[in-house]
Amino acid sequence: MKFRMGAALLSLLGLFVAAYLYLYKIGRIGTLACGTGGCETVQASEWSRFHGVEVALIGVLGYAALLVVSLISLQPQLAGRRWPAAILAALAGGGVGFTAYLTYLELFVIHAICRWCVTSATIIIAILVVALFDFRAATDRQAT
Amino acid sequence: MATSPGGLKRFYAVFIVVALAGLGILGYLLAKPSTVSIPVNVAIQPSDTAGFHGYVKGSASAPVEITEFADYQCPFCQTFATLQMPTIEERLIKTGRLRWRYRDFPLQQHPFSRLAAHSAACADEQGKFWEQHQRIYEGQADWAASSDAAPVFRGYAKAIGLDLGRYDACMSSAKYAGRIQASQQEGERLGVNSTPTLMVGGRLYQGRFDSDAIIHLVDSLAPLAAK
């Protein structure tokens, strides 16, 4: 369960980071605490939307989904079940893939790095790692 | 590995503390007065430049036109706007001999120049570009040294009688960021690399100017333009 707890806390942090970026994007927060200016460059670029949807909003929804699944997976009757870990890993895997695409855009297309995007990338990778550990632990338990 | 009920309780306690802290920070950011920022390197849309080629004053039939590429936070632009422009306006623009076109050319090293340009653009929306433009230049020493120039510009907007609701909405939306960026890119395309730069008859003049030099320039060009 400790992996799922970790996933829940990380998802909560990711949700706040994505919400912060989204609130900036829709004009509810005046400036981003960024330092380099790269955050505004990235947020103002045409790649801040994915198929017409704000990337930050996709982040909010993604982390919210991860948070819900990780909290549900903490129910005592689901302890040791493999499927919650599989769903968490699948969601986080999708998030890591999407983050890799966004990081590529930052580095090679926009030529600006947003520190908050890097923070989000670190969080989603960490969630994937703990979800995979949880999946392996659940698999080991079922095998014994 | 099952977690004891006590362990789960501790987790929920930590979770709630983190959630409350996060909500508190976001709530604080939402509640505090919005500090406006204008993004750089914004993607320019066709609508940003459609029909807009700078802020113009003077007669459409004036024989000479000067385009000025300037930065609100540039000290030379400030002295030019406050010391030389009144004479130029009185002797050349008001007499129909010169048309003046102002283009934004915010320099990267000036943190508030883009914000100032956007403030003037929002004033233009209410037909008071030149009033705000003049206030911003006159007050450069005040806002350039501040940690946040946005409230100072808002104060100018209030003083010249802008509808502050419309002004605030305009500033928050950063709707003219693309127009400012397009103006800067056009300047770069023409060869502008410092401010103020004047473009007269397709030629660029860089450096410090005084009203006498401009008057001589217009006097020498006016007969040519009339031919």
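Every value quoted in this text rests on a predicted model; they were computed, and no experiment measured them.

With respect to unusual backbone geometry
In step 1: The peptide bond linking T195 of chain B to P196 of chain B adopts the cis configuration, its omega dihedral lying at -5°.
In step 2: Look at H51 of chain A: it is not a glycine, yet its phi comes out positive at around 50°.
In step 3: Relative to the assigned elements, H51 of chain A resides in the loop between β1 (49-50) and β2 (53-54).
In step 4: Even without being glycine, H111 of chain A reaches a positive phi, approximately 60°.

Details of the environment of D148 of chain B
Residue and element names in this part refer to chain B.
In step 1: Inspection of the secondary structure assignment puts D148 in the loop between α6 (140-144) and α7 (150-159).
In step 2: Since its relative accessible area comes to 22%, D148 is described here as partly exposed.
In step 3: For the pair formed by D148 and F112, sequence separation is 36 residues and the distance between their alpha carbons is 8.3 Å.

What to know about the sheet that holds strand β3 (residues 98-104) of chain B
Residue and element names in this part refer to chain B.
In step 1: One open sheet accounts for five strands, arranged β1-β3-β2-β4-β5; its pairing is mixed. Two strands close off the open sheet at either side, each with one partner strand: β1 (55-57) and β5 (203-206). Shown here is a sheet whose adjacent strand axes are inclined to one another by a mean of 25°, direction ignored.
In step 2: Both strand β2 (residues 64-70) and β3 contribute to a ladder of seven bridges, which runs parallel.

Section: the pairing of β3 of chain B
Regular strands place side chains that alternate from one sheet face to the opposite one.
Residue and element names in this part refer to chain B.
In step 1: Among the seven residues in β3, seven count as buried, and that is most of the element.
In step 2: The alternating pattern of β3 places L98, W100, Y102 and D104 and R99, R101 and R103 on opposite faces, both of which are buried.
In step 3: By the bridge criterion, three bridges tie β1 to β3 in an arrangement that is antiparallel. Considered in β3, the bridge of Y55 is made with Y102.

As for the pairing of β2 of chain B
Residue and element names in this part refer to chain B.
In step 1: Most of β2 sits inside the fold, with six of its seven residues counted as buried.
In step 2: Tracing the backbone out of β2, into helix α3 (residues 75-93) and back to the parallel element β3 gives a crossover that is right-handed.
In step 3: Summarising the sheet, β2 and strand β4 (residues 197-200) pair through four bridges and their orientation is antiparallel. Looking at the pairing, I66 lines up with V200 of β4.

Definitions and cut-offs
Residues numbered from 1 in each chain as written. Chains lettered and ligands numbered in written order. Predicted model: local features only at pLDDT ≥ 70, side-chain atom pairs only at ≥ 80, totals over all residues. Heavy atoms only, no water. Helix = DSSP H or I, 4+ residues; strand = E, 2+ residues; numbered from the N terminus. Buried < 20%, exposed > 50% of the residue type's maximum accessible area, 1.4 Å probe, protein only. Pairing = 2+ DSSP bridges. Axes fitted to C-alpha atoms, helices over the stretch in contact; angles between N-to-C directions. Right-handed = clockwise from strand over helix to strand, strands pointing away.

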